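Each chain, letter by letter, is given below.
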Amino acid sequence: MPSTTGFTLWLTGMHGTGKTTIAAYIAARLRQVGRQVETLDEGEIGQELWQGLGDSKEERSTIVRRVGYVAQLLARNNVAVLVPCVSPYKSVREENRRTIGRYVEVYVDCPTETLIERDTTGKYKKALSGEIPNFIGITEPYEPPTSPEVTVHSDTESVEDGAAKIFQSLLDLGYMTSEELKIITGKKMKANPVPKKARRVEPAKADKPGKGTKARPATRAARVAKPTSTKKGAKRK
Ligand SMILES: Nc1ncnc2c1ncn2[C@@H]1O[C@H](COP(=O)(O)OS(=O)(=O)O)[C@@H](OP(=O)(O)O)[C@H]1O
Ligand SMILES: Nc1ncnc2c1ncn2[C@@H]1O[C@H](COP(=O)(O)OP(=O)(O)O)[C@@H](O)[C@H]1O
């Protein structure tokens, strides 16, 4: 028996891709089977945990490490922790993967053009006009994961489709049981166990960008409207 039934489901992706929506869907279903669930939403917990921190690469990395630390504390105490967090830098996410353990990375992907069209919060408009400087995916690169456990394409897959892939991965990794998933999905899902050796814990070495690791600077978006200001270290808006 593992020493905890907790795990961390880390959803990374640009702002507006659907991380929070998918996390809320998963959280509700985990509660349905009696799981203790915490969602660490960077927007909500930010005021408490990183009040005053700005938007430089270093500060963003600190934020992601802090969220990772809290996730680790909760997950080792049987909590299913959901983390919808842009977390743009691959090296920091991999650092968290190593320290947190029982970690499942979900890359929520969506073309930048679609994000700009959706723009449910108006942040892309502000980023493109330069009102929000250093915006990830517009004026700052987003580094996509190379081999996440799950990739969800939120422009072509529904929330339910994305969640089904996530549940399958949780079953394969042994973090959820087929009984729990039968209650949630109404179907008998079969596990394709991931051998312990094949589980992704990357060695602690500096990241070299390789195939598929190219950062996404949203070049088209940047061409659409060049922001008027690129001030570093500005406060998060
Ligand atoms: N500069 C920059 N670049 C990219 N994304 C940014 C930036 N500033 C804020 N955000 C994202 O906006 C989401 C909500 O932000 P909030 O204003 O509620 O809070 S906060 O900025 O996290 O403090 C939240 O994203 P989601 O978690 O995807 O909703 C923030 O990460
Ligand atoms: N397949 C999908 N998965 C998730 N969200 C989607 C999808 N299709 C459209 N959306 C919409 O996109 C928006 C994503 O917002 P949100 O979940 O807050 O994103 P994020 O947390 O990544 O910033 C929501 O309005 C949601 O309804």
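Higher on the page you've got the structure.
Residues numbered from 1 in each chain as written. Chains lettered and ligands numbered in written order. Predicted model: local features only at pLDDT ≥ 70, side-chain atom pairs only at ≥ 80, totals over all residues. Heavy atoms only, no water.

1. Re the layout of surface pockets
Here is step 1: The calculated volume of the second largest pocket comes to roughly 240 Å³.
Here is step 2: Across the lining of the second largest pocket, the residue classes break down as four nonpolar, two polar and seven charged. (1 Å grid on protein atoms, 1.4 Å probe; cavity = no way out; pocket = protein on both sides within 12 Å on 5 of 7 lines; lining within 4 Å. Points joined across faces, edges and corners; volume = space filled by probe spheres on them. Nonpolar A, V, L, I, M, F, W, Y, C, P; charged D, E, K, R; others polar.)

2. Side note on the site of ligand 1
Here is step 1: By nearness alone, 14 residues border ligand 1, and Lys19, Glu42, Asp55, Asn134 and Ile136 come closest of all.
Here is step 2: Within the contact set of ligand 1, an oxygen atom lies 3.2 Å away from a side-chain nitrogen or oxygen of His15.
Here is step 3: Here Asp55 contributes a side-chain N or O atom positioned 2.8 Å from a nitrogen atom of ligand 1.
Here is step 4: A total of 600 Å² of accessible area belongs to ligand 1 in isolation, and the protein chains cover 82% of it.
Here is step 5: Here the residues of the shell around ligand 1 sort into three nonpolar, four polar and seven charged. (Near = heavy atom within 4 Å. Polar contact = N/O pair within 3.5 Å; in protein donor to acceptor, adjacent residues only side chain to side chain. Areas by Shrake-Rupley, 256 points an atom, 1.4 Å probe, with all protein chains shown as cover.)

3. Structural notes on the site of ligand 2
Here is step 1: Not every one of the 14 residues close to ligand 2 is listed here, only the nearest: Gly16, Lys19, Thr20, Thr21 and Glu157.
Here is step 2: In this structure, Thr17 approaches ligand 2 through a main-chain N or O atom, which is 3.2 Å from an oxygen atom.
Here is step 3: Contact distances for ligand 2 include 3.0 Å between an oxygen atom and a backbone N or O atom of Gly18.
Here is step 4: Here ligand 2 has 570 Å² of accessible area as a free molecule, and 73% of this is covered by the chains.
Here is step 5: Top contributing element to the shell around ligand 2 by residue count: helix H1 (residues 19-32), with three residues. (Helix = DSSP H or I, 4+ residues; strand = E, 2+ residues; numbered from the N terminus.)

4. Some thoughts on helix H4 (residues 90-100)
Along an α-helix, residues three or four apart share an orientation, since each turn contains 3.6 residues.
Here is step 1: Among all positions of H4, only Lys90, Val92, Arg93, Glu94, Asn96, Arg97 and Ile100 are buried.
Here is step 2: Where H4 is buried, its residues meet strand E1 (7-12), helix H3 (57-75) and strand E4 (103-109).
Here is step 3: Looking one or two places after H4, you find Gly101, whose phi comes out positive at around 70°. (Buried < 20%, exposed > 50% of the residue type's maximum accessible area, 1.4 Å probe, protein only. Contact = heavy atoms within 4.5 Å.)

5. Considerations on the packing of H3 against H4
Here is step 1: At their nearest, the axes of H3 and H4 sit 10 Å apart, and the two run at 20° to each other. With respect to H4, the axis of H3 lies roughly parallel. Crossing angle aside, the handedness with which H3 passes H4 is right-handed. Together, Ser61, Val64, Arg65, Gly68, Ala71 and Gln72 of H3 and Val92, Glu95, Asn96, Thr99 and Ile100 of H4 make up the contact between the two elements. (Axes fitted to C-alpha atoms, helices over the stretch in contact; angles between N-to-C directions. Parallel < 35°, antiparallel > 145°, perpendicular 65-115°, else oblique. Left-handed = near helix turned anticlockwise from the far one by under 90°.)

6. Details of the pairing of E4
Where a strand is regular, its side chains alternate between the two sheet faces.
Here is step 1: For E4, a buried count of seven out of seven residues is recorded, marking the element as mostly surrounded by other parts of the structure.
Here is step 2: Neither face of E4 is exposed, since Tyr103, Glu105, Tyr107 and Asp109 on one face and Val104, Val106 and Val108 on the opposite face are all buried.
Here is step 3: Of the strand pairs in this sheet, E1 and E4 are connected by five bridges, and their pairing is parallel. Considered in E4, the bridge of Thr12 is made with Tyr107. (Pairing = 2+ DSSP bridges.)

7. As for empty space enclosed by the protein
Here is step 1: The full count for this structure, using the stated rule, is one cavity of 30 Å³ or more.
Here is step 2: Here the largest cavity is characterised by a volume of approximately 30 Å³.
Here is step 3: The wall of the largest cavity is formed by His15, Gly16, Leu115, Arg118, Asp119, Thr120, Thr121 and Tyr124.
Here is step 4: Residues of the lining of the largest cavity, tallied by class, amount to two nonpolar, four polar and two charged.

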